[in-house]
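Here is what each chain is made of, one letter per residue.
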Amino acid sequence: MSIKSLLALAFTAVLGVAASGTAAAQSNGVLVRNDGIYLRCDQCGTVQSVEQNITQGGGHGTAGAIIGAIAGGVLGNQVGKGNGKKLATVGGAVGGGFAGNAIGNNTGSSTSWVVRIRMGNGSYQNVQVRDASAIRQGDLVQVDQKGNITRIQ
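Residues numbered from 1 in each chain as written. Predicted model: local features only at pLDDT ≥ 70, side-chain atom pairs only at ≥ 80, totals over all residues. Heavy atoms only, no water.

Asks: How should I be thinking about the overall build of the chain in this particular structure?
Replies: Across its full length, the chain holds 3 helices and 8 strands. In the chain, which comprises 153 residues, the share counted as buried stands at 25%. Element-wise, carbon and sulfur atoms account for 58% of the exposed surface of the chain, whose accessible area totals about 10,300 Å². (Helix = DSSP H or I, 4+ residues; strand = E, 2+ residues; numbered from the N terminus. Buried < 20%, exposed > 50% of the residue type's maximum accessible area, 1.4 Å probe, protein only. Areas by Shrake-Rupley, 256 points an atom, 1.4 Å probe, with all protein chains shown as cover.)

Asks: How should I be thinking about the pairing of strand β6 (residues 124–129) in this particular structure?
Replies: One face of the sheet, then the other: side chains in a regular strand alternate in exactly this way. Across 6 bridges, the pairing between strand β5 (residues 110–119) and β6 is antiparallel. Within the sheet, the bridge partner assigned to I117 lies in β6 and is Q125. Here β5 folds back onto β6, and the loop between the two strands holds 4 residues, one of which, G122, carries a positive phi near 100°. (Pairing = 2+ DSSP bridges.)

Asks: What am I meant to see in the nonpolar core here?
Replies: Buried together is how nonpolar side chains tend to be arranged in soluble globular proteins. Counting residues in each nonpolar core, the largest one holds 11 residues, listed as V47, V115, I117, M119, V127, V129, A132, I135, V141, V143 and I149. At the level of elements, β5, β6 and β7 (140–143) are the ones that each hand at least two residues to this core. Per-element tally for this core: the top contributor is β5, with 3 residues. Setting aside residues no more than four positions away along its own chain, V127 makes contact with W113, V114, V115, I117, V143, G147 and I149. (Core = buried A, V, L, I, M, F, W, Y, C linked by side-chain atoms within 4.5 Å. Contact = heavy atoms within 4.5 Å.)

Asks: Just checking my understanding: could you explain the side chain of D139 for this structure?
Replies: On the secondary structure map, D139 appears in the loop between β6 and β7. Among the polar contacts listed, one links the side chain of D139 to the side chain of R151, at a separation of 3.2 Å. Beyond its immediate chain neighbours, meaning those up to four positions away, D139 contacts G45, T46, V47, A134 and R151. (Polar contact = N/O pair within 3.5 Å; in protein donor to acceptor, adjacent residues only side chain to side chain.)

Asks: What is the right way to look at the state of the cysteines in this model?
Replies: What the rule picks out here adds up to 1 disulfide. Between the sulfur atoms of C41 and its disulfide partner C44 the distance amounts to 2.0 Å. Measuring handedness by torsion sign, the sulfur bridge of C41 and C44 sits at about 65° and is right-handed. Each member of the pair, C41 together with C44, is buried. (Disulfide = S-S within 2.5 Å.)

Asks: Honestly, the sheet that holds β7 in this entry has me stumped. Any pointers?
Replies: Paired through backbone hydrogen bonds, the strands of a sheet run either parallel or antiparallel to each other. In space, the 5 strands of this open sheet follow the order β6-β5-β4-β7-β8, with antiparallel pairing throughout. The outermost strands of the open sheet, each flanked by one partner alone, are β6 and β8 (149–151). Direction aside, the axes of adjacent strands within the sheet are offset by 40° on average. As paired strands, strand β4 (residues 44–55) and β5 are joined by 10 bridges and run antiparallel to one another. The partner of N53 across the bridge, within β5, is S112. (Axes fitted to C-alpha atoms, helices over the stretch in contact; angles between N-to-C directions.)

Asks: So what exactly am I meant to see when it comes to a nonpolar patch on the surface here?
Replies: There is a patch of nonpolar side chains on the surface, built from I66, I70 and V74 and spanning about 290 Å² of accessible area. Mapping V74 onto the fold places it in helix α2 (residues 61–77). A relative accessible area of 48% places V74 in the partly exposed class. (Patch = residues over 30% accessible without salt bridge, like charges linked within 9 Å, V, L, I, M, F, W, Y side chains within 5 Å. Salt bridge = Lys/Arg side-chain N within 4 Å of Asp/Glu carboxyl O.)

It is worth stressing that arrangement in space is one thing and function is another; only the former is reported here.
In structure tokens form, the structure reads like this:
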């Protein structure tokens, strides 16, 4: 391979890294912003990924079914006369039981985001946040002692 080919390959590699749009981290804890400004920050890093994390509810379906069946039976008992009243009571209890079970199983579900950050010193940190709408892969961020993430402009 000729020297011109090697120089062209090296130049292309440098341009590719410069145009990638992500901040670069050096091993000595210095981060380089996209505009070329160097940052020295021990609590700062580059976002590697942002992933959604869904936590299911506490599984209180049985309690929800019982409460729903009672409430549905009471409401169904208020409708109709004779056999229609009995049918409405049973139907209300069954419907209330199903509805209460579904509500009880979904109670407590939550959505959060796990942000994986490559810190300036080369280590990785996973931070769980409620809202990551302003954070993208490649962003420079600062993590405080409470685990809050702030984008560095």
